[in-house]
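# Tertiary structure, described
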Amino acid sequence: MRLTSRSLRRYHGALGRPSGAVGRASVERSGLLLTLVDDEGHTGRGEASPLPGHSMETLAAVTQALVDVIPRLGEAQDDDVAGTLRRFPALDALPSARCAVEVALLDLWGQRRGVSVAALVGFDPARLECNAQPGALVDDDIGERCAAAVARGFGVLKLKAGSIDFTEERKTLEGLRARFPGVTWRLDVNGAWTLDEARRRLDALDGLGVQYVEQPCEGAEVFSLGLRAVPWAADEALIDPIARRRFLEDEDARRGCAAAVLKPMALGWLAAREAALEAGRLGLGAVVTHLLDGPVALAAACELARSVPGAWACGLDRHAGLDAWPGMEVPQAEGPWV
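Remember, it's a predicted structure, so these values are computed and weren't measured experimentally. (Residues numbered from 1 in each chain as written. Predicted model: local features only at pLDDT ≥ 70, side-chain atom pairs only at ≥ 80, totals over all residues. Heavy atoms only, no water.)

### Thoughts on the confidence of the model for the chain
Inclusion rule: Known as pLDDT, the predictor's confidence for each residue is given on a scale from 0 to 100. By definition, residues are in contact when any of their heavy atoms lie within 4.5 Å.
Counting all residues, the mean pLDDT for the chain is 89, and 88% of those residues have values of 70 or more. For residues 16–25, every residue scores under 50 in pLDDT, and the model assigns this stretch 26 contacts once sequence neighbours within four places are set aside.

### Examining the packing of aromatic side chains
For any pair of aromatic rings, the description consists of the separation of the ring centres together with the inter-plane angle of the planes. Our working definition: Any two rings among Phe, Tyr and Trp, with Trp reduced to its six-membered ring, count as a pair given centres within 6.5 Å; such a pair is stacked if its planes are under 30 degrees apart, edge-to-face if over 60, and tilted if neither. Helical segments are the DSSP runs of H or I of at least four residues, strand segments are the runs of E of at least two, and each set is numbered from the N terminus. Whether a residue is buried, partly exposed or exposed follows from its accessible area with a 1.4 Å probe, protein chains only, as a fraction of its type maximum: under 20%, in between, or over 50%, in that order.
Considering all chains together, one arrives at three aromatic pairs under this definition. Between Y212 and W312 the ring centres are 6.4 Å apart and the planes differ by 25 degrees, which places this aromatic pair in the stacked class. One end of the pair, Y212, is in strand β7 (residues 210–214); the other, W312, is in the segment after α12 (295–306), and 100 residues separate them in sequence. Taking relative accessible area as the criterion, Y212 reaches 0% and is therefore assigned buried. Exposure remark for W312: the relative accessible area of 27% places this residue in the partly exposed category.

### Considering unusual backbone geometry
With a phi angle near 55 degrees, N190 is a residue other than glycine that sits in the positive phi range. Structurally, N190 can be placed in the loop between β6 (184–188) and α7 (195–204). Phi is positive for L292, which is not a glycine, with a value near 55 degrees. Checked against the element boundaries, L292 lands in the loop between β10 (285–288) and α12.

### Some remarks on the nonpolar core
Here is the rule we go by: In these notes, a set of buried Ala, Val, Leu, Ile, Met, Phe, Trp, Tyr and Cys residues joined through side-chain atoms within 4.5 Å is what counts as a nonpolar core.
Judged by nonpolar contacts, the single largest core of 99 residues is most densely connected at W185, L205, V213, F223, W232, F247 and L316. Among the elements that take part in this core, helix α3 (residues 95–113) stands out by supplying 10 residues, more than any other. In this structure, V213 is in contact with L187, V189, W193, L202, L205, V230, P231, W232 and A233, ignoring residues within four places of it in sequence. In this structure, Y212, A233, A258 and V287 belong to the second largest nonpolar core, which totals six residues.

Structural data, given as structure tokens:
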């Protein structure tokens, strides 16, 4: 496959205050859209949009790396994304830049074969279950938000937790559980609890039907939680490749864990898929989520989730940040089933 055109465009848009983001101010999001055109007229797109405060790299570093790499892409051997990217080791430390190149090439190769990216790498189910993220337990209107999500057809709801009043959060969850029987509940603490608090509170949530609590304490501290009354899930702890390797290779580090939450924009598309497949082999749930990405990356995350057999309900519902991309549809992310 020969590339005849390569371009990189920057975008910028206000996301506002992320829904359910406990204690967070409004944020703005910038990113890069990589477009590759091949000698048969196919167009592949990839997005690089590191999230400040979450991603390991800066947009400036990602921009420079892609500016350096794009002219050198040249010819790429069909279906050998990994081989193509091995020529650019500088991208290894910049997962969002790597994600953009991987997705653009996979998009091209899928078009050349007439199949989706998920089918290209080996699996594409008819549908994939998603969770909704109505907001935070402390939101005054959380009940109405949950009702709206249930009305849209969602059976798995993820709520933000980690405010200063755990007792009140627990009480609110009890009320929601009684109001919406049959819903599967997940909580996301974003590392707000200390290790000791996480241990106590995971046990205190026993009996409330919580499937898991995502990232209950900061970073790799979750690997010390062990078995609790309510399982935990690793998210931010898996961004660092060394910590991720430890998680996948060390049974003690995974003890008490229910699922691995994987964001291709934070890990790289191929690395996230490899981790998801390995999590499945280890008996863990694999949950693919976006990183408040633009539509190109959200579509790519949907394709990644589709390519993982047995993936659990994933965090791929549309989000407010997509309003910064007028006129760009994401058919992969329409409705509670994608």
